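These are the residues of each chain, in order.
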Protein chains: 4
Amino acid sequence: MLNPGDLVMLVCPQGKRYIRKIREGETMQTHFGILPHETLLQAGYGEEVLTHLGHPFRLLKPSLYDLVKMLKRRTQIIYPKEIGYILLKLGIAPGCRVIEAGSGSGSLTTALAWYVGDHGRVYTYEQREEFFRLCGENLGWSGLGERVEQFNRNIAEGFEQTNVDALFLDVRTPWDFLDQAVAAIMPGAPLGFLLPTTNQVSSLLTALEQGPFEDVEVLEILLRRYKPVAERLRPDDRMVAHTGFLVFARHEGRKAKVRKEEAGVMETESTDPADIS
Amino acid sequence: MLNPGDLVMLVCPQGKRYIRKIREGETMQTHFGILPHETLLQAGYGEEVLTHLGHPFRLLKPSLYDLVKMLKRRTQIIYPKEIGYILLKLGIAPGCRVIEAGSGSGSLTTALAWYVGDHGRVYTYEQREEFFRLCGENLGWSGLGERVEQFNRNIAEGFEQTNVDALFLDVRTPWDFLDQAVAAIMPGAPLGFLLPTTNQVSSLLTALEQGPFEDVEVLEILLRRYKPVAERLRPDDRMVAHTGFLVFARHEGRKAKVRKEEAGVMETESTDPADIS
Amino acid sequence: MLNPGDLVMLVCPQGKRYIRKIREGETMQTHFGILPHETLLQAGYGEEVLTHLGHPFRLLKPSLYDLVKMLKRRTQIIYPKEIGYILLKLGIAPGCRVIEAGSGSGSLTTALAWYVGDHGRVYTYEQREEFFRLCGENLGWSGLGERVEQFNRNIAEGFEQTNVDALFLDVRTPWDFLDQAVAAIMPGAPLGFLLPTTNQVSSLLTALEQGPFEDVEVLEILLRRYKPVAERLRPDDRMVAHTGFLVFARHEGRKAKVRKEEAGVMETESTDPADIS
Amino acid sequence: MLNPGDLVMLVCPQGKRYIRKIREGETMQTHFGILPHETLLQAGYGEEVLTHLGHPFRLLKPSLYDLVKMLKRRTQIIYPKEIGYILLKLGIAPGCRVIEAGSGSGSLTTALAWYVGDHGRVYTYEQREEFFRLCGENLGWSGLGERVEQFNRNIAEGFEQTNVDALFLDVRTPWDFLDQAVAAIMPGAPLGFLLPTTNQVSSLLTALEQGPFEDVEVLEILLRRYKPVAERLRPDDRMVAHTGFLVFARHEGRKAKVRKEEAGVMETESTDPADIS
């Protein structure tokens, strides 16, 4: 049985899909008839419910992929193929505190909110009011908004948070905000960036080379779909060839106050540095 | 400040990395000197600690990417580029219950355990004792084992769980286990598969076409790295060209007992099926 | 100065391109005025000519790429990215005799005719009369038809030629025609195939494994374009993801009548088989 | 039967391959025994010949692919996947005159010489004497040297030829030599470039934007091989991910002396600019 507050994906008789949050007392008006949320509450995921006209709607549990795909968008969004990899590289986990800028349509925001869970926190910054609002609407729709704090602000002024676990910048000139980023993150924390052009990647690399960063990586992720036909398996004719370049770096952390040179220690010749227990 | 049970990634003066769980009273013996875990507890992520010989070790918070990369492996592992996408498509969230087979070296197991959080549960099946043990060792090492139940068993006998949120099969002949999968999942739940050859993909598609499945997708993910040099930006000379094909499907769910035909309802002409509120 | 029979690519004031063969006495009627071929003969490649209304048409020497791109097509054509590689693998050179089936719209036919030159010969087979004619029209248009012999015939009956230098099959079931292919080629000659699905590639490989073939290769060629903007260099958003899989093989040739075993020769231990002069 | 001067690819009993030009009176010393060229002359392509010890060597007709693959190389060479496409875009045909710089190991030189035929001409420039010599050796070995003129010279001084059909620059700073290129080519001729880094591509695009060029394209070609096993068809585990970016442009040609404005012609409204006969 479902509970108020649960997200459901409803599939209408014609196959079209809608994601809704169940709220007691609410009612859906559809072209196939009326569907009270009470009906949804008595069904379970994977079942069909009938409108008052007897038309069946299927009730599915939406995945994060479904959510991201169905966001209202007015910007180029960050795609699932990038989102998944970003999560792993940034070490996003239940309970994490993470900063993101800009919010855009909120696709990465949604994913971060999904994975930090009820005990984590996403701080998302967006300068343009139009996208600030759109991101807010999308978060309200998905019911993940309680895990997110939105800021309608230019990040040149800096971030309000400190010691966050990770930070992601999807802005046009991320190299202008590295000081602000460093001030906001935990020492040694991972940073991520998404950039459409090679010129931007070069500019960012130039800035990252000034430090205090390490483990700099540049990569792109390509997803190639196949026509799912057993007897005629073949790739799709066309594919998305570019969404952006991902750049990752790690803050280099703080140096120990006492260095080995000062401690007067000789570097011993280690025959096997891997021998650590 | 860190706490007992926290994971740390230690970087030795030569750059080599080690992941350890902090346990009170323990001590690391290194070629650069002794490092008591007490020292780690008094430091924080991003800081340097000194061995008794004065050599600095950097202390970082490992990401899931770091964990997966440093697993002990004796099999082809599932790579981060695939893991991230699998998480989104399977709808893995804090609190989920998910089944996986086979465990292999435990890379996907680790990722699932990481994201289901303390309130979720991963059930991982592995027939070969050697990999069953290896996966267990890796889970012990990463400290995520408490979220996982391991089964050293042939999945032809079926899974012990029912109503799980999602299921992933990384086995040679997944088409032989679709009945067992359906018996274990929640109606309408997502399924994922990883297969190295096109022949296997065709065989699986043939089986999935028998139902009860829908939303079948076949795809592959390619990751292309660049040399991170601002003035000479260019892709790496070589790349991984294939790890496997990902296949996703969704269980079609249960049909409503009362169908619209039986209810005697005329199909109304809907001018806009998207008009749903 | 140009000569009758030369191919020219004309670029109209609005940028649209046309390829024509210059013929004395002919006249082009255009929306920008009349252009007598005599005018073209007095100009040179790279120059502009004026219609009787004074509108400039640019006159360029078409490349093979231009020709292939502007063929009239009613089939999936073989693309330049594949054509170039096919030429190298099949060893096409001025003077070669080569067989191709089916002709389709004649894109590979055109390329083969282009490179075998006046002393080579292309034999192209096409069962469907509609494509047989289309290929003929395209060859007439490009002026390369004199190097080509067209056959409107099912290749199950075999090829008329023997001892050709290379053979390419772009047909649905090439595995049905390997005997015919072997009968037509020079011993040891290269064969090429284009196939859209993985199932077809597997079927062909199964047949090739029966021999008499060697050096079997399967590959695909991907072409990724960039937006040519210096300050915002980035790949195009979308790309062609699949045209087909290329398969190449070599006929294994004829065995020597006297084998070393019969000659009573001991295999000598060669310390360096590369030492050959 | 073969003739003196023909190229043959010999396959030794262990599978190793050698390309040789047949010359009357010569003799090959091999670890498997002596093989007089007279023996080769009496055999044909696709046959086996026996050494004086009775070991069989197979005799094949080498393709351009074989030649390029077996060149002696001391530089990054231009690969067949790029060579094929370059040929089509540059409009290389039997009889063409084409300039290339730098020669490098001579892989593109070899391909150009192969396709321009006995009536064409390749002019190849190389500043470094070491590569100038290597290219010469490779051309001697392949027997294509008679179609090529080599220049050991810095192209900053310009090219000796004029009115060539096409020009290819594989040098570090091609933007420095565009004036020289324009002076050497036929008006409207195609130009090609190979560059390893995105920064170089941007620099070249900046220069090309100054004119007199048009039809600028940037692209890269990826070749992905499959393990050719019918029952377990799958891509190779690794692939070459980058050799270089290809850039193509066309010289914009010469403007007509009398322009339509001067001719006092009104631009007529053309309903269909494609209507040209």
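Note that this is a predicted model, so its numbers are computed, not measured. (Residues numbered from 1 in each chain as written. Chains lettered and ligands numbered in written order. Predicted model: local features only at pLDDT ≥ 70, side-chain atom pairs only at ≥ 80, totals over all residues. Heavy atoms only, no water.)

**Side note on the relation of the copies chain D and chain C**
Move 1: Mapping chain D onto chain C is achieved by rotating through 180° and translating by 0.0 Å along the same axis, at an RMSD of 0.0 Å. Seen this way, the second copy is the image of the first under a two-fold rotation axis. By C-alpha distance to the rotation axis, the residue of chain D lying nearest is D:Gly84, at 1.8 Å.
Move 2: Same-surface contact between copies: 100% of interface residues of chain D are shared with the interface of chain C. (Least-squares fit on C-alpha atoms with pLDDT ≥ 70 in both. Contact = heavy atoms within 4.5 Å.)

**A word on the side chain of B:Glu214**
Move 1: When you line up the elements, B:Glu214 lands in strand S12 (residues 213-227).
Move 2: Note on B:Glu214: relative accessible area 19%, which makes it buried.
Move 3: Apart from the residues lying within four places of it in its own chain, the contact partners of B:Glu214 are A:Arg17, A:Arg58, A:Leu60, B:Ala249, B:Arg250, B:His251 and B:Glu252. (Helix = DSSP H or I, 4+ residues; strand = E, 2+ residues; numbered from the N terminus. Buried < 20%, exposed > 50% of the residue type's maximum accessible area, 1.4 Å probe, protein only.)

**Here's the deal with the pattern of salt bridges**
Move 1: All told, the structure shown has 84 salt bridges over all chains when counted by the stated rule.
Move 2: In this structure, A:Lys81 engages A:Glu82 in a salt bridge whose closest nitrogen and oxygen atoms are separated by 2.7 Å.
Move 3: Where B:Lys89 meets B:Glu217, a salt bridge forms, and the shortest distance between an N and an O atom there is 2.4 Å. Placement of B:Lys89 in helix H3 (residues 80-90) and of B:Glu217 in strand S12 is noted, with a sequence separation of 128 residues between them. Considered together, B:Lys89 and B:Glu217 belong to a single accessibility category, that of buried residues.
Move 4: Several salt bridges share partner residues, and in doing so they unite A:Arg17, A:Asp66, B:Asp215 and B:Arg250 into one network. (Salt bridge = Lys/Arg side-chain N within 4 Å of Asp/Glu carboxyl O.)

**A few points about the domain arrangement of chain A**
All names here are of chain A.
Move 1: Domain parsing of chain A yields domain 1 (7-62) and domain 2 (66-251).
Move 2: The C-alpha-based centres of domain 1 and domain 2 are spaced at 32 Å.
Move 3: Of the residues lining the interface, ten residues belong to domain 1; the matching set on domain 2 comes to eight residues.
Move 4: Both faces combined, the contact of domain 1 with domain 2 buries some 680 Å², and carbon together with sulfur accounts for 62% of it.
Move 5: Its largest share of buried area at the contact with domain 2, domain 1 owes to Leu-7, Ile-19 and Lys-21, together 61% of the area lost on that side.
Move 6: For the pair domain 1 and domain 2, the number of links is one residue pair in polar contact (both at pLDDT 80 or more).
Move 7: Of all elements in the fold, only strand S1 (7-11) and strand S2 (17-21) reach the threshold of two or more residues within the side of domain 1 that touches domain 2.
Move 8: No other element matches the five residues that S2 contributes to the side of domain 1 that touches domain 2.
Move 9: Partitioning the side of domain 1 that touches domain 2 into residue classes produces five nonpolar, no polar and five charged. (Domains from an automatic or database assignment. Buried area = accessible area lost by both parts, 1.4 Å probe. Polar contact = N/O pair within 3.5 Å; in protein donor to acceptor, adjacent residues only side chain to side chain. Nonpolar A, V, L, I, M, F, W, Y, C, P; charged D, E, K, R; others polar.)

**Quick notes on the interface of chain D and chain C**
Put simply, an interface is often sized by how much accessible area is lost when its parts join up.
Move 1: Taken together, the contact between chain D and chain C spans 96 residues of the former and 97 residues of the latter.
Move 2: Buried area between chain D and chain C, both sides added, is near 8400 Å², and the carbon and sulfur share of it is 55%.
Move 3: Viewed at the interface, chain C and chain D are joined by 14 salt bridges.
Move 4: Of the charged contacts in the structure, one is a salt bridge between D:Asp66 and C:Arg250, with a shortest N-O distance of 2.9 Å.
Move 5: The tally of links from chain D across to chain C stands at 39 residue pairs in polar contact (both at pLDDT 80 or more).
Move 6: Ranked by the residues each element gives to the side of chain D that touches chain C, the list is headed by strand S12 (residues 213-227) of chain D, at 13 residues.
Move 7: Looking at the side of chain D that touches chain C residue by residue, the classes come out as 46 nonpolar, 22 polar and 28 charged.

**With respect to the side chain of A:Arg234**
Move 1: In this structure, A:Arg234 sits in strand S13 (residues 234-235).
Move 2: Accessibility expressed as a relative area gives 15% for A:Arg234, which makes it buried.
Move 3: Here the side chain of A:Arg234 touches A:Asp237 through a polar contact of 2.6 Å, side chain to side chain.
Move 4: Contact partners of A:Arg234, with chain neighbours within four places excluded, come to A:Tyr226, A:Lys227, C:Pro196, C:Thr197 and C:His242.

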